[in-house]
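Fold and geometry: a report
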Amino acid sequence: MSWPPLREELRGIEPYGAPQLDVPVQLNVNENPYGPSPECVADIASAVAEAATTLNRYPDREFVELRAALAAYLSHDTVHGVTPEQVWAANGSNEVMLQLLQAFGGPGRVALSFAPTYSMYPEYARDSLTEWVAGRRESDFSLDLDHARDLVKETQPSVVLLPSPNNPTGTALPFDAIATLCEAAGDGIVVIDEAYGEFRRAGVRSAVELLPEHRNLVVTRTMSKAFAAAGLRLGYLAADPAICDAIRVVRLPYHLSAVTQATALAALRHAPELLGKVDELRVERDATVDWLRAQGLQVADSDANFALFGTFADRHAVWQGLLDRGVLIRETGPDGWLRVSIGTADEMMAFKEALTQVMEEL
Ligand code: PMP
């Protein structure tokens, strides 16, 4: 056996992650470009100082106060309200979804999604020894609902993973599709990953509204994107309390540190400020999509804080050309496509100038 004695199927695999490069314009990991205000920073600092006074003790394993605050925040999206028992949280929605696969996937079970989609999904399946099945998306990256329903019935997944909006395409799921797939999945759970949910265009509704009707529906969210707190590492879900209870079996004890809980609670108190730039980012996104189309490029319709555009015979050359001009975007998605996150107006100006120059050289 070669050293170290890594599991056979993990040998030679590169760890997931975009390059972290120190360049002036960083538009590669769908972060919110706006940092917290001095008032918000001060409030977080004093909440962490308070938490530090009892750092010799383990944190609240059930994070009761945080669950209540997240439930109150999610209740804005539904007339039915969300209770703390319906909420679960972990270190980023990545960890939430891994826990879902650990609890509901496993050997002999199937996890299903539709490609192209978020490239971590197959990794959660691999790491939890769950069989991975990927259906297809249409050429405009929408979901063919008949194909999706047929594949759900045929493969009987114990977990369906569906981002809305989808990463890397930005495509939101039609509201009706969620109910259809929850019904088709029977006892399998359907995870609607709303990591970018707050960026949706007017008229696109959150799956949170459907929770009372489908006990197998799980809606995941994160504080990393619209909430402008990627460094915090706090993701959460809303679901039937029985699902939250089941996850408690696989979570590591005290997985949410006292510092994380204090920071998240303080950030939630500043929700209006932290979310305050979402409208501006939506406007900038729509303007970026229009501009890219005016350059003769294809652009996927986007309900998120990024746009997928192309196609380029040599997308790596375009990515590199932008990087040489101090603009970092993401080489991801189907062949020939690139993804740009939406930054400040100045950052988008720099992106457009750099892309214009690169395209002139092609
Ligand atoms: N879901 C989707 C669709 C994402 O794009 C991402 C991050 N890029 C995540 C989940 C995970 O985000 P986090 O762990 O920061 O909550």
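All values derive from a computational prediction rather than experimental measurement.

Reading the values: the criteria
Residues numbered from 1 in each chain as written. Predicted model: local features only at pLDDT ≥ 70, side-chain atom pairs only at ≥ 80, totals over all residues. Helix = DSSP H or I, 4+ residues; strand = E, 2+ residues; numbered from the N terminus. Rg over C-alpha atoms; globule rule 2.2 N^0.38 Å. Buried ≥ 20, exposed ≤ 12 C-beta atoms within 10 Å, placed from the backbone. Contact = placed C-beta atoms within 7 Å. Pairing = 2+ DSSP bridges. Core = buried A, V, L, I, M, F, W, Y, C linked by C-beta atoms within 7 Å. Domains from an automatic or database assignment. Right-handed = clockwise from strand over helix to strand, strands pointing away. pLDDT = per-residue confidence, 0-100. Axes fitted to C-alpha atoms, helices over the stretch in contact; angles between N-to-C directions. Parallel < 35°, antiparallel > 145°, perpendicular 65-115°, else oblique. Nonpolar A, V, L, I, M, F, W, Y, C, P; charged D, E, K, R; others polar.

This paragraph deals with the overall build of the protein chain. A tally of regular secondary structure across the protein chain gives twelve helices and twelve strands. Since a compact globule built from 362 residues should have a radius of gyration of about 21 Å, the 21 Å found for the protein chain is in line with a globular shape. When its C-alpha atoms are laid out on the principal axes, the protein chain stretches across 60 × 55 × 55 Å. Every one of the 362 residues in the protein chain was classed for burial, and the buried ones make up 43%. If you take every contact in the protein chain between residues at least 6 apart in sequence, the share linking residues at least 24 apart comes to 73%.

It is worth spelling out the sheet that holds strand β12 (residues 338-341) at this point. In a beta sheet, neighbouring strands are held together by backbone hydrogen bonds and run either parallel or antiparallel to one another. Taking strand neighbours across the sheet as the criterion, the three strands line up as β9-β10-β12 in an open arrangement whose pairing is antiparallel. The strands lining the two open edges of the sheet, one partner per strand, are β9 (298-299) and β12. Two elements, strand β10 (residues 306-310) and β12, share four bridges in a ladder whose sense is antiparallel. The residue of β12 that forms the bridge with F306 is S341.

Counting residues in hydrophobic clusters, the biggest one holds 98 residues, and the most contacted among them are A89, V160, V190, V191 and V218. Shared between two domains, this core holds at least three residues of each, these being domain 1 (18-34 + 277-361) and domain 2 (38-273). Non-local contacts of V218, meaning those with residues more than four positions away in its chain, are made with L100, I189, V190, V191, L237, A239 and I243.

Relative to strand β4 (residues 131-136), strand β3 (residues 110-115) runs parallel, the two sharing six bridges. Looking across to β4, one finds that L112 is bridged to V133. Crossover handedness for the path β3 to helix α4 (residues 121-127) to β4: right-handed.

Overall, the predicted model of the protein chain reaches an average pLDDT of 97, with 100% of residues at or above 70. Confidence estimates for the predicted assembly give a pTM of 0.97 and an ipTM of 0.99.

Turning next to the packing of helix α3 (residues 92-104) against helix α7 (residues 241-250). Taken N-terminus to C-terminus, the directions of α3 and α7 make an angle of 90°; their axes are 9 Å apart at the nearest point. By the angle class used here, α3 and α7 are roughly perpendicular. Facing Q99, L100, Q102 and A103 of α3, the residues of α7 in contact are A246, I247, V249 and V250. Taken together, the residues of the contact of α3 with α7 sort by class into six nonpolar, two polar and no charged.

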